[in-house]
Amino acid sequence: LFAEPMPALFGTLRARLTVDEDPNDVYRVRVPAKRTVVVTVRPDADADLELWRPRTRPVHEPSRNLAAVSARAGTRVETVRFRNRSPSTVTAFVNVKLPLGAVRATYRVSVTGTVRR
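Here goes a summary of the coordinates provided. (Residues numbered from 1 in each chain as written. Predicted model: local features only at pLDDT ≥ 70, side-chain atom pairs only at ≥ 80, totals over all residues. Heavy atoms only, no water.)

Pairing within the open sheet is antiparallel, and its 4 strands lie in the order β2-β7-β4-β5. Single-partner strands in this sheet number two, and they are β2 (24–31) and β5 (66–70). Averaged over all neighbouring strand pairs, the angle between strand axes comes to 20 degrees, with direction disregarded. Both strand β4 (residues 48–52) and strand β7 (residues 90–97) contribute to a ladder of 5 bridges, which runs antiparallel. Paired with W52 across the two strands is F93, which belongs to β7. (Pairing = 2+ DSSP bridges. Helix = DSSP H or I, 4+ residues; strand = E, 2+ residues; numbered from the N terminus. Axes fitted to C-alpha atoms, helices over the stretch in contact; angles between N-to-C directions.)

Moving on: the pairing of strand β6 (residues 78–83). Burial along β6 is one-sided: the residues E78, V80 and F82 are buried and none of T79, R81 and R83 is. In the sheet, strand β3 (residues 36–43) pairs with β6 via 6 bridges, with the strands oriented antiparallel. The residue of β6 that forms the bridge with V37 is F82. (Buried < 20%, exposed > 50% of the residue type's maximum accessible area, 1.4 Å probe, protein only.)

The strand order across the open sheet formed by 4 strands is β1-β8-β3-β6, and the pairing between neighbours is antiparallel. At either end of the open sheet lies a strand with only one pairing partner, and these are β1 (11–18) and β6. Geometrically, the sheet is characterised by an average inter-axis angle of 20 degrees between neighbouring strands, direction not taken into account. Two elements, β1 and strand β8 (residues 104–113), share 8 bridges in a ladder whose sense is antiparallel. Paired with G11 across the bridge in β8 is V111.

In structure tokens form, the structure reads like this:
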């Protein structure tokens with residue numbers, strides 16, 4: 001959709017999902033070699049979290065590239081982790097989405113890194 005991709009997400013931001021206009025928000029996440037990232041979503045209404053591996057094309061199609069899912073009911077915190085086992089930095093994709101039947105949600109998404117192991 002954009003001539004230049006959005007910068008990769010690291011840190012925290014606030015966003016909103018609506019069933020009619022924007023039921024999915026997709027973010028790029030850079031994962032350094034041999035490191036793990038932790039993605040946390042704190043919603044004010046039901047929202048789900050998916051993390052897709054590098055080389056994923058559309059995140060809306062079923063695929064084996066889905067690395068992690070958190071789909072807890074209601075306003076419970078959603079958390080996923082992704083470990084990059086490769087010797088170089090990769091880009092993974094975070095999808096925050098409304099579950100079936102949900103109408104809207106405002107959320108805070110955070111991406112943090114962990115130390116090399």
